[in-house]
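Working through the structure, step by step
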Amino acid sequence: MADRLTQLQDAINAQADNFCNAIGILQQTAPPATFPGFDRAGNRTPQQQQEDHASLFATLIARCAKDIDVLIDSLPSEDSTTELQIASLRRLEEGNEDAAARLREVVSEGELMLEKIQNALHDIAQTQLAMQSTSPST
């Protein structure tokens, strides 16, 4: 996965593509202008098709702009100084140490429980062997 700056750059490039394509559609579907002394009837596209293109590109441009805003908001702020980053890392390290200590406790408890289960299984096996050796063979 790309970093935030690369994602932002890709989103801005996509927005530029959206603008270029929208302008191209506008040029393609725009009614021809009339000039005095030069009467020429041009091709006219249906009004509905123009509205569909306008709606599509408006939606694409708005969605891309929203994505760009989200990416910009996810970037680190200028207020994030080295001291704040170090303090944040220390808090994360303390949390990791607490989690590691809890993990060691749980693993230790699990090992004790495993040993008890193994002992119980050993006792069961010994009892079954003793029962088989004392029972008359048929």
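Residues numbered from 1 in each chain as written. Predicted model: local features only at pLDDT ≥ 70, side-chain atom pairs only at ≥ 80, totals over all residues. Heavy atoms only, no water.

1. Digging into the overall build of the chain
- Counting secondary structure elements, the chain contains three helices and zero strands.
- Walking the chain from its N terminus toward its C terminus, one meets helices and strands in the order α-α-α.
- Across the 138 residues in the chain, those meeting the buried criterion constitute 10%.
- Of the contacts formed within the chain by residues at least 6 apart in sequence, a portion of 81% connects residues at least 24 apart. (Helix = DSSP H or I, 4+ residues; strand = E, 2+ residues; numbered from the N terminus. Buried < 20%, exposed > 50% of the residue type's maximum accessible area, 1.4 Å probe, protein only. Contact = heavy atoms within 4.5 Å.)

2. Section: helix H1 (residues 4–29)
- In a regular helix each residue adds 1.5 Å, so 26 residues correspond to 38 Å; H1 covers 37 Å between its end C-alpha atoms and thus fits that length.
- Every buried residue of H1 is accounted for by Gln7, Leu8, Ala11, Gln15, Asn18, Ala22, Ile25 and Thr29. (Expected span 1.5 Å × (residues − 1).)

3. Concerning the pattern of salt bridges
- As enumerated under the stated definition, the model contains one salt bridge in all.
- Residue Arg102 is joined to Glu105 by a salt bridge in which the shortest nitrogen-to-oxygen separation is 3.3 Å. Of this pair, Arg102 and Glu105 both sit in helix H3 (residues 82–134), three residues apart, which is roughly one turn of the helix.
- Taking relative accessible area as the criterion, Glu105 reaches 43% and is therefore assigned partly exposed. (Salt bridge = Lys/Arg side-chain N within 4 Å of Asp/Glu carboxyl O.)

4. Considerations on the confidence of the model for the chain
- For the chain, the mean per-residue pLDDT works out to 86, and 88% of the residues sit at or above 70.
- When pLDDT is averaged over each helix and strand of the chain, the minimum, 86, is found for helix H2 (residues 47–74) and the maximum, 94, for H3. (pLDDT = per-residue confidence, 0-100.)

5. Concerning the environment of Asn18
- Among the secondary structure elements, Asn18 is positioned in helix H1.
- Not counting residues within four places of it along the chain, the set of residues in contact with Asn18 comprises Phe57, Leu60, Ile61 and Cys64.

6. A short note on the nonpolar core
- Grouped together as the largest cluster of nonpolar side chains are five residues: Leu8, Ala11, Cys64, Ile68 and Leu71.
- Ranked by the residues each element gives to this core, the list is headed by H2, at three residues.
- For Leu8, the residues in contact, after removing those within four places along its chain, are Ile68, Leu71, Ile72 and Leu75. (Core = buried A, V, L, I, M, F, W, Y, C linked by side-chain atoms within 4.5 Å.)

7. Considerations on the environment of Leu60
- Here Leu60 lies in helix H2.
- A relative accessible area of 29% places Leu60 in the partly exposed class.
- Here the alpha-carbon distance between Leu60 and Ala22, two residues 38 residues apart in the chain, equals 9.7 Å.
- When neighbours within four sequence positions are excluded, Leu60 is seen to be in contact with Gln15 and Asn18.

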